[in-house]
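So you can see what is in the structure, the chains are spelled out below.
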Amino acid sequence: MTTSQLACTFAALALFDDDVPVNAENIQKILKAANIKVESYWPGLFASLIKDKSVGELITGACKGGGGAPSAGAAGAGDTAGEKKVEQKEEEEEEE
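**Student:** Would you take a moment to explain the side chain of serine 4 for this structure?
**Tutor:** Within the secondary structure, serine 4 is located in helix H1 (residues 3-17). The contact partners of serine 4, leaving out residues within four places of it in the chain, are Val38, Glu39 and Trp42.

Listed below in structure tokens is the structure:
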């Protein structure tokens, strides 16, 4: 993440926290007050992103990810099934 992206992110969060509309103009005002120079297109990009989804949705949706590793319960169940197959094969071999 670039410095410009971080600056716009923090500006948008500050606006959201103060219940001020998150738009390109307000993001630019905060950046100017903080004496942070960013490329002119960044505030507009962040404002359009916020327009599509609110800051609250972006924050709460950040933890929702894709798949991931199986839980311990699922892994344990798989091991048990595998162990039963091995035991059955051993018993069959012993019977012969």
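**Student:** How do you make sense of the nonpolar core when you look at a structure like this?
**Tutor:** The nonpolar side chains of soluble globular proteins are, as a tendency, buried together. In terms of nonpolar packing, the biggest core is built from 13 residues, with Cys8, Val22, Ile27, Leu31 and Phe46 touching the most fellow members. Elements that contribute at least two residues to this core include exactly H1, helix H2 (24-33) and helix H3 (41-52). In terms of residue count, the dominant contributor to this core is H1 (five residues). Setting aside residues up to four positions removed in sequence, isoleucine 27 forms contacts with Cys8, Ala11, Ala12, Leu15, Val22, Pro43, Phe46 and Ala47.

Reading the values: rules and limits
Residues numbered from 1 in each chain as written. Predicted model: local features only at pLDDT ≥ 70, side-chain atom pairs only at ≥ 80, totals over all residues. Heavy atoms only, no water. Helix = DSSP H or I, 4+ residues; strand = E, 2+ residues; numbered from the N terminus. Contact = heavy atoms within 4.5 Å. Core = buried A, V, L, I, M, F, W, Y, C linked by side-chain atoms within 4.5 Å. Buried < 20%, exposed > 50% of the residue type's maximum accessible area, 1.4 Å probe, protein only.

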